[in-house]
Amino acid sequence: MELRAELQRVRERGYAVNHNQYRPGICAIAAPVLDGDGVPLASVAVSLPDSRFAPDRLAELGRLVTDTAAEITARHLG
């Protein structure tokens, strides 16, 4: 159930957050690049060391990756 809850949060925000989950000391924020059917083709991500991760910047970084992914999606469909 925890995975389903996290997937729902990702869908609602539009981006995923990896805070030391894959590799200790590394964080990432990522958003999908979609095809015409809304299926993910790739992703745009920002990775940074945990020592530079600032929770108060999460919304800003999330917005940057989602905006960039949306721009790439639009160009792909264009």
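Predicted model only: the values in this text are computed from it and were never measured.

A.B. asks: I'd like a description of the packing of aromatic side chains, backed by residues and values.
C.D. replies: Counting across every chain of the model gives zero aromatic pairs. One residue, R13, lies across the ring of Y15, its end atom 5.2 Å from the ring centre.

A.B. asks: Break down the pairing of strand β2 (residues 26-34) for me, citing the residues and quoting the values.
C.D. replies: Bridging between strand β1 (residues 16-19) and β2 involves four bridges; their strand directions are antiparallel. Each residue of the ladder has a partner; that of N18, found in β2, is A28. In this antiparallel pair of consecutive strands, β1 and β2, the connection spans six residues, and N20 shows a positive phi of 65°. Linking β2 to strand β3 (residues 40-49), which pair antiparallel, is a turn of five residues; within it G38 sits at a positive phi near 80°.

A.B. asks: Hey, could you go over the sheet that holds β2 for me, with residue numbers and the actual values?
C.D. replies: Spatially, β1-β2-β3 is the arrangement adopted by the three strands of the open sheet, whose pairing is antiparallel. Either end of the sheet is taken by a strand with one partner, and the two such strands are β1 and β3. The mean inter-strand angle of the sheet, taken between neighbouring strand axes irrespective of direction, is 20°. Pairing analysis gives nine bridges linking β2 to β3, with the strands arranged antiparallel. Of the residues in β3, the one forming a bridge with A28 is S47. Across the sheet, helix α2 (residues 58-77) touches β1, β2 and β3, and the angle it forms with β2 is around 30°.

A.B. asks: Any chance you could break down the pattern of salt bridges for me, citing the residues and the numbers?
C.D. replies: As enumerated under the stated definition, the model contains four salt bridges in all. Note that E6 is salt-bridged to R9, the shortest N-O span being 2.7 Å. Pair noted here: E6 and R9 are both in helix α1 (residues 2-13), with a separation of three residues, about one helical turn. Of the residues examined, R9 reaches a relative accessible area of 38% and is grouped as partly exposed. The closest approach of N and O atoms between E71 and R75, which form a salt bridge, is 2.8 Å. Remark: R75 and E71 occur in helix α2; sequence separation between them is four residues, near one turn of the helix. Residue classification places E71 among the partly exposed residues on the basis of a relative accessible area of 44%. For R75, a relative accessible area of 65% gives the class exposed. Residues joined in a network through salt bridges with shared partners are E6, R9 and R13.

Conventions and cut-offs
- Residues numbered from 1 in each chain as written.
- Predicted model: local features only at pLDDT ≥ 70, side-chain atom pairs only at ≥ 80, totals over all residues.
- Heavy atoms only, no water.
- Phe/Tyr/Trp six-rings, centres within 6.5 Å; stacked < 30°, edge-to-face > 60°.
- Lys NZ or Arg CZ within 6 Å of the ring centre and 35° of its normal.
- Pairing = 2+ DSSP bridges.
- Helix = DSSP H or I, 4+ residues; strand = E, 2+ residues; numbered from the N terminus.
- Axes fitted to C-alpha atoms, helices over the stretch in contact; angles between N-to-C directions.
- Contact = heavy atoms within 4.5 Å.
- Salt bridge = Lys/Arg side-chain N within 4 Å of Asp/Glu carboxyl O.
- Buried < 20%, exposed > 50% of the residue type's maximum accessible area, 1.4 Å probe, protein only.

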